Amino acid sequence: MSVIINNNEAQPARAQIDPRSYEDLLIIAATIREIAGDRAQADIGIICGSGLGGLGNLIPGFPPLHVPGHKGIMLFGRIAGHRVVCLQGRFHPYEYNMNLALCALPVRVIHQFGVRTLLVSNAAGGINPNFQYGDLMLIKDHIFLPGLAGMSPLVGINDDRFGARFVSVHDSYDRSFRKLALDVATNQGIRVFEGIYVMCGGPQYESPAEVSLFKTVGADALGMSTCHEVTVARQCGIKVLGMSLITNIANLDADNSVEVSHEEVLQAASENGARAAQFVKGILEKLPLA
Ligand SMILES: O=P(O)(O)O[C@H]1O[C@H](CO)[C@@H](O)[C@H]1O
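- Per an unreviewed UniProt entry, the protein goes by the name Purine nucleoside phosphorylase and belongs to Mesorhabditis belari.
- In UniProt, the protein has this text filed under Pathway (unreviewed entry): "Purine metabolism; purine nucleoside salvage."
- Recorded under Sequence similarities (unreviewed entry), the UniProt text for the protein is reproduced unchanged: "Belongs to the PNP/MTAP phosphorylase family."

Given below as C-alpha cells:
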C-alpha cells in the first residue's frame, strides 16, 4: 500500500522551521512518521521536476495525475521491489528568498527514512546544439551558480550530524548509475545523453548572452533547481542519479525572438513525461535491491 502525505493539506509552520537545526529535522521526520507509521521507510528517493510528477504514478495504487506542475506531495510505496519515497514537487530557491538550506531540507528528511539513493529530475533548457526538444540528459556534473556565489545549503555553522563540514562534490552523479541508465536507454531505444547542468537563480529565464556564457564554459542544459538538493544528498552520503528533460532549446541570439514560458515547459513535460517515467522504471528494475 502506498501512502500519500499532502503538504498542501497539513501546512507546517514553514517560517518557524530552522533548516539548519538537526532537532527540527527530527521533529519533521517524527511528524511524518505519525501520519505514515511504518510505511515511512524507503531506500530510494525520487524528486520530480516541473511537470514530471507522473513519475509517482509508477507506484501502484496511486491515482494518475491530471494537472502537471509541482504538487507538494510526499508519497511512499514500492517500484520494482524497491521501497521508494517520491517527492512530487520541490522547493525552488527563488520562491524562498534563496534559502537553499530550506529548499534542500526534504533531502535530509528522506535520508531520515532510510534513503541512500536519490533519483533527481528536472525540466531544463537545452544548450548543447545536438539536443532536441524532449531529449533526456543524464547529469554528469553540474555548475552550481548560487552555491559558487555563497548561497550553498551548507553555509552556516555545521551540525556534524548532518555530515562533513567540507563536502567533496567530485563525483556527485554516480558513475555506475549513469552507466546503468545509459544501458537502459539503449535497450529502450530512446535518446539519452550525458551532460553538464547549470543551476541559475531564476526565476527569470536566462538572456541569450547568459546562455552563450554557459555554452562557452561547457554547460549542456540549464535550470533553476537540483544542485542544492544534490549537494545536501552528498553531505548525507546519498548516491545520486540526476536527469533533465529538455523542455525547450535555450536561445543564444538576442536577434531571435524565442520566448520561453513555464506553460511551454509544462506542456513539454506532459508530452514527454510518460517516456521519462518508463526510463525511470527501467532503471529501477535494473538497480539491485537494498
Ligand atoms: O527544475 P524544475 O523543478 O524542473 O523546474 C524548472 O522549471 C521552472 C521554469 O519553467 C524552473 O523552476 C526550472 O528549474
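There is more to say, and it comes next.
1. What to know about the confidence of the model for the protein
Next up, step 1: Averaged over every residue, the pLDDT of the protein is 90; residues scoring 70 or more account for 90%.
Next up, step 2: Both scores are given for the predicted complex: the pTM is 0.93, the ipTM 0.99.

2. Remarks on the pairing of strand S6 (residues 136-144)
Next up, step 1: The pairing of S6 with strand S7 (residues 192-199) spans eight bridges and is classified as parallel. Bridging across to S7, isoleucine 143 finds its partner in valine 198.
Next up, step 2: With three bridges joining them, S6 and strand S9 (residues 239-249) adopt antiparallel strand pairing. Bridging across to S9, leucine 136 finds its partner in leucine 245.

3. Some thoughts on the packing of helix H1 (residues 22-36) against helix H2 (residues 100-112)
Next up, step 1: Close contact between H1 and H2 brings their axes to 10 Å; oriented N to C, the two are set at 65 degrees. In the crossing of H1 with H2, the sense of the turn from one axis to the other is right-handed. Every residue of H2 that contacts H1 at Tyr22, Leu25, Leu26, Ile28, Ala29, Ile32 and Arg33 is listed here: Leu105, Arg108, Val109 and Gln112.
Next up, step 2: For the contact of H1 with H2, the class distribution of residues is eight nonpolar, one polar and two charged.

4. Things to note about the UniProt feature "binding site: a purine D-ribonucleoside" (unreviewed entry) in the protein
Next up, step 1: The feature "binding site: a purine D-ribonucleoside" (unreviewed entry), as given by UniProt, occupies Glu206 and Asn248 in the numbering adopted here. A compact arrangement is adopted by the annotated residues: their sequence extent is 43 residues, whereas the largest C-alpha distance between any two is 12.3 Å.
Next up, step 2: Mapped onto the secondary structure, glutamate 206 falls in the loop between S7 and helix H5 (208-216).
Next up, step 3: Take glutamate 206: its relative accessible area is 18%, and that puts it in the buried class.
Next up, step 4: If we ignore the near neighbours within four places in the chain, the residues touching glutamate 206 are Cys200, Val211, Phe214, Leu222 and Met224.
Next up, step 5: Checked against the element boundaries, asparagine 248 lands in strand S9.

5. Quick notes on the pattern of salt bridges
Next up, step 1: Overall, the coordinates contain ten salt bridges when judged by the stated rule.
Next up, step 2: Close ionic contact of aspartate 43 with arginine 83 constitutes a salt bridge, the shortest N to O distance being 3.0 Å. Placement of the pair is aspartate 43 in the loop between H1 and strand S2 (44-47) and arginine 83 in strand S4 (residues 82-88), with a sequence separation of 40 residues.
Next up, step 3: For aspartate 43, a relative accessible area of 17% corresponds to the buried category.
Next up, step 4: Between arginine 178 and glutamate 194 there is a salt bridge; the shortest N-O distance is 2.8 Å. Here arginine 178 is found in helix H4 (residues 175-188), whereas its partner glutamate 194 is found in strand S7, with 16 residues between them in sequence.
Next up, step 5: Judged by its relative accessible area of 9%, arginine 178 falls in the buried class.
Next up, step 6: Here the salt bridges share partners, and the residues they tie into one network are Glu23, Asp159 and Arg161.

6. Structural notes on the packing of aromatic side chains
Next up, step 1: Counting across every chain of the model gives four aromatic pairs.
Next up, step 2: Between the aromatic rings of tyrosine 22 and phenylalanine 162, the centroid separation amounts to 5.3 Å while the plane-to-plane angle is 65 degrees, which identifies the pairing as edge-to-face. With a gap of 140 residues between them, tyrosine 22 in helix H1 and phenylalanine 162 in the loop between helix H3 (145-148) and H4 connect regions that are remote in the sequence.
Next up, step 3: Note on tyrosine 22: relative accessible area 14%, which makes it buried.
Next up, step 4: The lysine or arginine in question, arginine 108, covers the ring of phenylalanine 162, its NZ or CZ lying 3.8 Å from the ring centre.

7. Thoughts on the site of the ligand
Next up, step 1: Among the 13 residues in the neighbourhood of the ligand, the closest are listed as His92, Tyr94, Tyr205, Ser225 and His262.
Next up, step 2: Histidine 92 places a polar side-chain atom, nitrogen or oxygen, 2.6 Å from an oxygen atom of the ligand.
Next up, step 3: Tyrosine 205 places a side-chain nitrogen or oxygen 2.6 Å from an oxygen atom of the ligand.
Next up, step 4: Burial of the ligand by the surrounding chains reaches 96%, relative to a free accessible area of 350 Å².
Next up, step 5: At the level of elements, strand S5 (117-126) and helix H7 (262-286) are the ones that each hand at least two residues to the shell around the ligand.
Next up, step 6: Here the residues of the shell around the ligand are counted per class, giving five nonpolar, seven polar and one charged.

8. Some words on the side chain of serine 121
Next up, step 1: As for its placement among the helices and strands, serine 121 is situated in strand S5.
Next up, step 2: A distance of 2.8 Å separates a polar side-chain atom of serine 121 from the backbone oxygen of isoleucine 47.
Next up, step 3: Residues contacting serine 121, with those up to four places away along its chain left out, are Ile47, Cys48, Gly49, Leu52, Leu55, Arg90, Thr226 and Met243.

Rules and cut-offs
Residues numbered from 1 in each chain as written. Predicted model: local features only at pLDDT ≥ 70, side-chain atom pairs only at ≥ 80, totals over all residues. Heavy atoms only, no water. UniProt positions renumbered as here; feature names shortened; annotations may be inferred. pLDDT = per-residue confidence, 0-100. Pairing = 2+ DSSP bridges. Helix = DSSP H or I, 4+ residues; strand = E, 2+ residues; numbered from the N terminus. Axes fitted to C-alpha atoms, helices over the stretch in contact; angles between N-to-C directions. Left-handed = near helix turned anticlockwise from the far one by under 90°. Contact = heavy atoms within 4.5 Å. Nonpolar A, V, L, I, M, F, W, Y, C, P; charged D, E, K, R; others polar. Buried < 20%, exposed > 50% of the residue type's maximum accessible area, 1.4 Å probe, protein only. Salt bridge = Lys/Arg side-chain N within 4 Å of Asp/Glu carboxyl O. Phe/Tyr/Trp six-rings, centres within 6.5 Å; stacked < 30°, edge-to-face > 60°. Lys NZ or Arg CZ within 6 Å of the ring centre and 35° of its normal. Near = heavy atom within 4 Å. Polar contact = N/O pair within 3.5 Å; in protein donor to acceptor, adjacent residues only side chain to side chain. Areas by Shrake-Rupley, 256 points an atom, 1.4 Å probe, with all protein chains shown as cover.

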